[in-house]
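Structure at a glance
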Amino acid sequence: MPREIQHEYTELATLPSAQDIAATPPSAQGATATAATAASTIDNEASHHHHSRLKKNRHNLRSLLLDRNFQTHAAKTCLYISLWYTFSGILSVYNKWLFGSSERDFSFPLLVSSVHMLMQYSLAALCLRLFPKLQPTQKNTTWGLYLTRAVPCGLASALDIGLSNISLRTITLTFYTMCKSSGLGFVLLFAFLFGLERVRFVLIVVIAIITVGVVLMAAGEVDFKLLGFTQVVSSAAMSGLRWSLTQILLSQARFGMNNPVATMSRLMPIIGVSMLAFSLILEQPISQLSRDKNMQSLGDVLFIVVMMGVGGCLAFAMVLSEFFLIARTSVVTLSIAGMLKEVVMIGVAHLIFGDSMTLVNASG
């Protein structure tokens, strides 16, 4: 409050009562009346200023809501979020059904993921050929930029997707979903480190709350598997790094990835090759694939091949909607919108797979 106004309010608070005024001489009464009038005038002006500011804020909000550009931006953002929710939810159920040890129990999630990456690259290349407007403005980029920006993003993406799919073999979809929601904390952490977000107290509090929530979720899990928990939390950390690097790539035309389709065409080969290398080392598909119970007949092989194709199309649609959402907003918006998706997925997991939660689990 300005010093002059504060002084006048002090005078108003120390004014004498009506009985005191009646007992004072006329000259003193006149001075008292003048002080009271001045204080009343200042009070009216302050009240008028407050109401004017509220009225201006309401007018600005109404103007924003009626603005055509804002309406278009909000509608497209909601569309991308809805598409992301849909494809991501279906893909999560697909992965749990295909890889879960209590479901289809196909033992090669990394191999399947590498096939998905190859399909996404092929579909992205097809889109670039059919729609020339999607071609990047900077078609040729230096090897230095490619190795220091695109390759780390591709490796982080491969680790995120690979660890996610592997963890679904040992933990429930509900537990996976809740632990994966810790990705928001990692997103904010990497956004701070890369200068994508300004360090603010409220965001630090958000990270702290998410950390406590993850601890409670792990403590409340009835069927706790340390290996699966470690895998999914590591995946969440890689997810935070992945999306922060993706936002950098999408925001700067010099990387040649200034639109989502161009980004997919440049990143998917890196992710696919990395995933295939991990599969050859860890899963050994060359020697072990024929021993899997899902590969014992021609019909089984054809079924798995078809399922791989369906999964690849779902993954392409999901990643494309994610990239469009990041390009339109930010990686933090993507993560916050993902929190509601996690809640929906917990309900879906309960309905489809019969997953359950404890009270401590739900509190987390």
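So, here's what we can say about the structure. Keep in mind the model is a prediction, meaning the values are calculated, not measured.

Let us look at the side chain of S265. With respect to the secondary-structure elements, S265 resides in helix 11 (residues 260–282). A relative accessible area of 13% places S265 in the buried class. From its side chain, S265 meets the backbone oxygen of A262 in a polar contact 2.7 Å long. Ignoring anything within four residues of it in the chain, the contact list for S265 reads Y121, A124 and L128.

Another point: the packing of helix 7 (residues 173–180) against helix 10 (residues 226–251). For the pair helix 7 and helix 10, the least separation of the axes is 9 Å and the interaxial angle reads 35°. Here the hand of the crossing between helix 7 and helix 10 comes out right-handed. Counting all contacts with helix 7, which are made through F175, Y176, C179 and K180, the residues of helix 10 involved are F229, V232, S235, A236 and S239. For the contact of helix 7 with helix 10, the residue count by class is six nonpolar, two polar and one charged.

Over its 26 residues, helix 10 extends 38 Å from the first C-alpha to the last, a length consistent with the 38 Å expected when each residue adds 1.5 Å. Across the 26 residues of helix 10, 21 count as buried, placing the element largely inside the fold.

Moving on: the nonpolar core. Counting 49 residues, the largest nonpolar core has L98, F106, V112, M264, L267 and I271 as its most contacted members. Contributing elements (two or more residues each) for this core: helix 4 (68–99), helix 5 (109–130), helix 6 (143–167), helix 10, helix 11 and helix 13 (298–328). Residues contacting V112, with those up to four places away along its chain left out, are Y94, L98, F99, F106 and M308. If you look at the next biggest cluster of nonpolar residues, it comprises 13 residues, including Y176, F229, V232 and V233.

A surface patch of nonpolar side chains, amounting to about 560 Å² of accessible area, comprises L276, L280, I281, L282 and I286. Of the residues forming the nonpolar patch, the biggest block, four residues, is contributed by helix 11. For L280, the location among the structural elements is in helix 11. Of the residues examined, L280 reaches a relative accessible area of 42% and is grouped as partly exposed.

What follows concerns the packing of aromatic side chains. Per the counting criterion, the structure on display carries six aromatic pairs. Arranged with centres 5.9 Å apart and planes meeting at 50°, the rings of W84 and Y85 form a pair that is tilted. Pairing F190 with F194 gives two aromatic rings, centres 6.3 Å apart and planes at 20°, and the pair type is stacked. For F190, a relative accessible area of 17% translates into the label buried. With relative accessibility at 37%, the residue F194 sits in the partly exposed group.

About the criteria used
- Residues numbered from 1 in each chain as written.
- Predicted model: local features only at pLDDT ≥ 70, side-chain atom pairs only at ≥ 80, totals over all residues.
- Heavy atoms only, no water.
- Helix = DSSP H or I, 4+ residues; strand = E, 2+ residues; numbered from the N terminus.
- Buried < 20%, exposed > 50% of the residue type's maximum accessible area, 1.4 Å probe, protein only.
- Polar contact = N/O pair within 3.5 Å; in protein donor to acceptor, adjacent residues only side chain to side chain.
- Contact = heavy atoms within 4.5 Å.
- Axes fitted to C-alpha atoms, helices over the stretch in contact; angles between N-to-C directions.
- Left-handed = near helix turned anticlockwise from the far one by under 90°.
- Nonpolar A, V, L, I, M, F, W, Y, C, P; charged D, E, K, R; others polar.
- Expected span 1.5 Å × (residues − 1).
- Core = buried A, V, L, I, M, F, W, Y, C linked by side-chain atoms within 4.5 Å.
- Patch = residues over 30% accessible without salt bridge, like charges linked within 9 Å, V, L, I, M, F, W, Y side chains within 5 Å.
- Areas by Shrake-Rupley, 256 points an atom, 1.4 Å probe, with all protein chains shown as cover.
- Salt bridge = Lys/Arg side-chain N within 4 Å of Asp/Glu carboxyl O.
- Phe/Tyr/Trp six-rings, centres within 6.5 Å; stacked < 30°, edge-to-face > 60°.

Spatial relationships are all this shows, so hold off on functional conclusions.
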